[in-house]
Amino acid sequence: MSLDCGRKPEHPEETHANSTQTEDHPCIAWSGLSRKIPVLVFHAETVVSKGGEFRDIGERYNLAFKIVRTESRLVRSILSSHGFHEVHPNSNDFNLMWTGIHLKPYLLRGLQDFQKVNHFPRSYELTRKDRLYKNIQRMQQVHGFKRFHIIPQSFILPSEYQEFCSSCAKDKGPWIIKPVASSRGRGIYLVSSPNQIPMDENILVSRYINNPLLIDDFKFDVRLYVLVTSYEPLIIYLYEEGLARFATVKYDHAAKNIKNQFMHLTNYSVNKKSSDYVSCDDPEVEDYGNKWSMSAMLRYLKQEGKDTALLMGQVEDLVIKAVLSAEQQIATACKMYVPHRNNCFELYGFDVLIDSNLKPWLLEVNLSPSLACDAPLDLKIKASMISDMFSLVGEFCPFRTPWARSTEYVGAAQHPLSLRIKNGLRYWCCLPCIAPLRSAVKATLSSFPLQLKVLRKIKEENERRGGFIRIFPTPETWELYSGYLEYKTSMNCMLATRLFPERAVAQTWCSVCPQELVVRFLKRAASNLQQDLRVALPSRRLPLADRRRILSHQLGDLVSLSQETEQMVKKMERLAEEERCVNPDVFQEFVEEASESDLEEVLTFYTHKNKSASVFLGTGCTNAKSGVASSGRTSQRTVEGTSRQGERDSDALRLLGIREKKVCNGKGWLPFSTLPPCVFIQCAMPWVRC
Ligand code: ADP
């Protein structure tokens, strides 16, 4: 593993000197373009070998962690044995926060670029049983029931009581009742008739899979470890090893046994209470007692003639689809709350039940999968998994660039080029409430091109993956699942295009049709004008030059009619005079150099600050015409009518369609919806003219 060591070394030169001493250290791998950035590699054996040979690395770089509201001896032990020191849960001086709970937005917002936490915001979209079910149900509705038939049919009661009753008429049960936000088998029981279900609590009722695959007549389920290092682009790893957990009483689905938890539930927390629970003291024996390694279970099934390759393929399918079902919500929450791209990672515990037809069913996703090591096999699997995870997610980077250290932005007024304002772009530069935008633009300007950085990070992550297998994206899974991505960003597309160019180009949403986009923009902008402006896509039968001419005319009409734009321009000029704007030259430079995702980042940042993206569409004007073309109006209504900022922002971003629409600024392709009308027009002209 590695950790981003942003806790600055007191003497940077010292760090360089130290780096030469660490060249051959077993805990150091080298990353970065010129392979000069040390990355900390974690070794699972440090948990048992009490020697201090690995401690000096963490100590040398002054690495720190804190553990908040969870008890994880294993994590503490691995970090400490690599020289990390533990700080108080209230301290902000840490590289890694390991927590058992969801983080509050203000804590996430306070993270610095070198700090990591083990949860993404809004991960409960996956880990709460009711949310998972709702998300999968939505995917079933959008993409077809069969494609997302990965969880047993479920209902949330009391709200879906009617649906449940009609389902009961066809399916006699039994049903399994679960509290919506619980774990370890707590509060779970089976019923054979709907009359036995209480109606006064929020519960999830699922069809009970009564034909589980059995080994030696015992029911079992599988715990898989899934690591997500980023939701944008989406990167999913599956650990090569997992655990099979067995019930303690032989399976018999006769109604008289319905209350026997030791037969129907496979949770360790439930079955360890049984006098029949058998544990194994030898870590090398992986297929004895009530807990096996997943690989031992697969070997057993293979010997029994089962197609385990097919099974694992279906398991991967289920994992990817489940993560995809929550991808948009979590990615949006990251944009809103997480200040730096690499702050979050998450290890999920997926519980999967295999039925006698060898079909895997997703039972639930655990927020903080148990890292308890009650048996030697637990320690063997979990210590390796956690070490590999830390090696994979981190970027241990003590060499900070001088620029990054001096993060203060030199205000526009002090910039030597601040007076050279270029037409058009200044308007964008001078958007109201721009102050926070300055630093965002500056940060993006100063950084190594973001897309290349992301690409490099992902390639390097993969080199340090240990026992983790990247299951999305791969050439095959990109082709199969990218169509389900709801948060369709250029990052996802860029990654696939660079990693496997021959496959990625097939995806339609990567490409753009500039003429249609220009018209869509025009329609949107026109809906906010006082006067009517007819906008139409020139017929494809016309010669290209004619189509361009028609579009140019329409753009010209928009400019001349756009009083709102003029008002906005005047307002911006006032702001410019007050020097509350980004330096236009800096911004011009930024627009020319920026990638689509850089612009998108700035837009998102701006959207957060202003709690709306409407200004980009011109919908922010109070005198916007009502009842005209739909898109602008819908955007306005959605933006204002939604009480929750998250939904509001994501709706606004979705309506902006920023990932699909691009416009040529003469030098490259930009997502035009990140720009207000006047800038858009300026940017669009070279394309229309060319
Ligand atoms: P918890 O989070 O409390 O562990 P789970 O959803 O994992 O809840 O369910 C606990 C156990 O109940 C599972 O390990 C499995 O053995 C059994 N189980 C849960 N749902 C089903 C189902 N639909 N069909 C059959 N068995 C189930």
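About the criteria used
Counting restarts for each chain, with residues numbered from 1 along the sequence as it is written. Whole-chain, interface and lining totals are the exception, using all residues; otherwise, since this is a predicted model, local features are given only for residues with pLDDT of at least 70 and side-chain atom pairs are given and counted only at 80 or more. Only hydrogens and water are set aside; all other atoms, that is, all heavy atoms of the structure, feed into the side-chain values. Each helix is a run of H or I in the DSSP string that is no shorter than four residues. Each strand is a run of E no shorter than two, and both are numbered from the N terminus. The rule is simple: take the accessible area with a 1.4 Å probe, protein chains only, and divide by the maximum for that residue type; under 20% is buried, over 50% is exposed, in between is partly exposed. The contact definition used throughout considers only heavy atoms, calling two residues in contact when any of these lie within 4.5 Å. All accessibility values rest on the Shrake-Rupley procedure with a 1.4 Å probe; residue burial counts only the protein chains present in the view. A pair of strands is labelled paired if DSSP reports no fewer than 2 bridges between them. For helices, the fitted axis covers only the stretch in contact; all axes are lines through C-alpha atoms, and the angles between them, taken along N-to-C directions, range from 0 to 180 degrees. Site definitions follow a grid-based scheme: protein atoms alone, a 1 Å grid, a 1.4 Å probe that fits but cannot get out for cavities, and for pockets an open set with protein on both sides within 12 Å along at least five of seven lines, plus lining residues having an atom within 4 Å of a point. Grid points are joined across faces, edges and corners, and a volume is the space filled by probe spheres set on the points. All amino acids are sorted into three groups, where Ala, Val, Leu, Ile, Met, Phe, Trp, Tyr, Cys and Pro are nonpolar, Asp, Glu, Lys and Arg are charged, and the leftover types, Gly among them, are polar. Residues are classed as near a molecule or strand on a simple rule: at least one heavy atom within 4 Å of it. Whenever a nitrogen or oxygen atom comes within 3.5 Å of another N or O atom, the pair is scored as a polar contact, on the condition that within protein one atom can donate a hydrogen and the other can accept it, and that pairs from neighbouring residues in sequence are kept only if both atoms are in side chains. Each molecule is checked against the cavity or pocket grid, and it sits inside if more than half of its atoms lie within 2 Å of the grid points. For patch building, the residue pool is restricted to those with more than 30% relative accessible area and no salt bridge; the joining distance is 9 Å between like charges and 5 Å between nonpolar side chains (Val, Leu, Ile, Met, Phe, Trp, Tyr). The rule for a salt bridge is simple: a side-chain nitrogen of Lys or Arg has to be within 4 Å of a carboxyl oxygen of Asp or Glu. Among buried residues, the Ala, Val, Leu, Ile, Met, Phe, Trp, Tyr and Cys ones that are joined through side-chain atoms within 4.5 Å form a nonpolar core. Just so you know how the angles are binned, under 35 degrees is roughly parallel, over 145 roughly antiparallel, 65 to 115 roughly perpendicular, and the rest oblique. When the near helix sits turned anticlockwise from the far one by under a right angle, the crossing is termed left-handed; a clockwise turn instead gives a right-handed crossing. Confidence scores labelled pLDDT are given residue by residue by the predictor and lie between 0 and 100.

**Structural notes on the overall build of the protein chain**
- The secondary structure content of the protein chain amounts to 28 helices and 20 strands.
- Within the protein chain, the fraction of its 690 residues that count as buried is 56%.
- Of all intrachain contacts in the protein chain linking residues separated by at least 6 positions in sequence, the fraction that spans at least 24 positions is 73%.
- Summed over all atoms, the accessible surface of the protein chain reaches about 29,700 Å², with 51% contributed by carbon and sulfur.

**Some thoughts on the sheet that holds strand β9 (residues 189–191)**
- Strands sit in the order β7-β10-β8-β9 across an open sheet of four strands; the sheet is antiparallel. Among the strands making up the open sheet, the edge pair consists of β7 (154–157) and β9. On average, adjacent strands in this sheet sit at an angle of 30 degrees to one another, irrespective of strand direction.
- Examined bridge by bridge, β7 and strand β10 (residues 203–207) share four bridges and lie antiparallel to one another. In the sheet register, L157 faces β10, and the bridge partner there is I203.
- The strands that helix α6 (residues 129–143) touches are β7, β8 (175–179) and β10; relative to β7, the one it contacts most, it runs at about 125 degrees.
- In the packing of helix α7 (residues 161–170) onto the sheet, the strands contacted are β7, β8 and β10, and the crossing angle to β7 comes to about 140 degrees.

**What to know about the pairing of β10**
- Of all five residues making up β10, four are buried, and the element is well covered by its neighbours.
- The sheet contact formed by β8 and β10 spans five bridges and is antiparallel. Bridge pairing links W175 to R207 in β10.

**Description of the layout of surface pockets**
- By volume, the second largest pocket amounts to about 1,300 Å³.
- Contributing to the lining of the second largest pocket are 48 residues, with R184, S368, P369, S370 and L371 lying nearest its centre.
- Of the residues that constitute the lining of the second largest pocket, the class distribution is 17 nonpolar, 15 polar and 16 charged.

**Concerning the pairing of strand β5 (residues 96–99)**
- By the alternation rule, side chains of β5 split into L96 and W98 and M97 and T99, which are all buried.
- Relative to β5, strand β3 (residues 64–68) runs parallel, the two being bridged by four bridges. When the sheet's bridge partners are listed, K66 is paired in β5 with M97.
- As defined by bridge partners, β5 adjoins strand β6 (residues 116–117) across two bridges and the pair is classed as parallel.

**Considerations on the sheet that holds strand β4 (residues 85–86)**
- Spatially, β4-β3-β5-β6 is the arrangement adopted by the four strands of the open sheet, whose pairing is parallel. Each end of this open sheet is capped by a strand with a single partner; those strands are β4 and β6.
- Packed on one face of the sheet, helix α3 (residues 73–81) meets β3, β4 and β5 and runs near 170 degrees to β3.

**Structural notes on the site of the ligand**
- Around the ligand sit 23 residues, and of these K178, G185, T266, N267 and E364 come closest.
- Residue K219 places a side-chain N or O atom 2.9 Å away from a nitrogen atom belonging to the ligand.
- At a threshold of 2 Å from the grid points, most atoms of the ligand map onto the largest cavity.
- Residue assignment for the shell around the ligand shows that the elements contributing at least two residues are β8, β12 (218–231), β16 (346–354) and β17 (360–366).
- Its residues assigned to classes, the shell around the ligand comprises eight nonpolar, six polar and nine charged.

**Digging into a nonpolar patch on the surface**
- Among the surface-exposed residues, V278, V285 and Y288 lie close enough to one another that they form a single nonpolar patch of about 230 Å² accessible area.
- Its location among the elements puts Y288 in the loop between α9 (268–271) and β15 (291–293).
- Look at Y288 and you get partly exposed, because its relative accessible area is 47%.

**Looking at the nonpolar core**
- Membership of the largest hydrophobic core comes to 71 residues, with the highest contact counts inside it found for Y231, I236, M297, Y348 and F350.
- Looking at this core element by element, the count peaks at 13 residues for helix α11 (residues 308–337).
- Beyond its immediate sequence surroundings of up to four residues, M297 is in contact with I215, F220, V222, A244, W292 and I354.
- Grouped together as the second largest cluster of nonpolar side chains are 44 residues, V47, F54, I67 and F84 included.

**Some words on empty space enclosed by the protein**
- Applying the stated criterion to the full structure yields seven cavities of 30 Å³ or more.
- Approximately 390 Å³ is the volume attributed to the largest cavity.
- Put simply, the parts of the chain that give the lining of the largest cavity at least two residues each are α6, β8, β10, β12, β16 and β17.
- For the lining of the largest cavity, the class distribution of residues is 13 nonpolar, eight polar and nine charged.

**Thoughts on the environment of G483**
- For G483, the location among the structural elements is in the loop between α17 (475–481) and α18 (490–499).
- For G483 and H143, which are 340 residues apart along the polypeptide, the C-alpha to C-alpha distance reads 9.7 Å.

**Focus on unusual backbone geometry**
- Residue P158 follows L157 across a cis peptide bond; omega there is 10 degrees.
- Along the chain, P158 turns up in the loop between β7 and α7.
- Cis geometry is adopted by the peptide bond preceding P233, which originates at E232 and carries an omega value of 5 degrees.
- When you line up the elements, P233 lands in the loop between β12 and β13 (234–239).
- At R69, a position not held by glycine, the phi torsion is positive, near 50 degrees.

**Some thoughts on the packing of α3 against helix α12 (residues 376–393)**
- Across the interface, α3 lies against α12 with an axial gap of 10 Å and an inter-helix angle of 55 degrees. By the criterion of interaxial angle, the relationship of α3 to α12 is oblique. Both α3 and α12 take part in a crossing whose hand is right-handed. Together, L74, V75, I78 and L79 of α3 and L379, K382, A383, I386, S387 and F390 of α12 make up the contact between the two elements.
- Taken together, the residues of the contact of α3 with α12 sort by class into eight nonpolar, one polar and one charged.

**Digging into the confidence of the model for the protein chain**
- A residue-level look at the protein chain finds 65% of positions with pLDDT of 70 or above and a mean pLDDT of 74.
- Below pLDDT 50 for its whole length, residues 397–448 participates in 118 contacts with residues either more than four positions away or in separate chains.
- In the model, residues 609–690 has pLDDT below 50 throughout and makes 196 contacts with residues more than four positions away in sequence or in other chains.

**A few points about the environment of Q261**
- With respect to the helices, strands and loops of the structure, Q261 is situated in helix α8 (residues 261–264).
- Assessed through its relative accessible area of 33%, Q261 is described here as partly exposed.
- Beyond its immediate sequence surroundings of up to four residues, Q261 is in contact with I188 and V270.

**Notes on the pattern of salt bridges**
- For the coordinates displayed, the defined rule picks out 23 salt bridges.
- Close ionic contact of E232 with K335 constitutes a salt bridge, the shortest N to O distance being 3.7 Å. Note that E232 is positioned in the loop between β12 and β13 and K335 in helix α11, a separation of 103 residues in sequence. For the residue pair E232 and K335, the accessibility class agrees, reading buried in each case.
- Between R456 and E460 there is a salt bridge, and its shortest N-O distance comes to 3.7 Å. Placement of both R456 and E460 in helix α16 (residues 450–463) is noted, with a separation of four residues, approximately one turn of the helix.
- A residue is classified by how much of its surface remains accessible, and R456, at 25% relative accessible area, is partly exposed.
- Under the relative-accessibility criterion, E460 is labelled buried at 4%.
- Counted as one network, the salt bridges with shared partners bring together D221, R223, R245 and D351.

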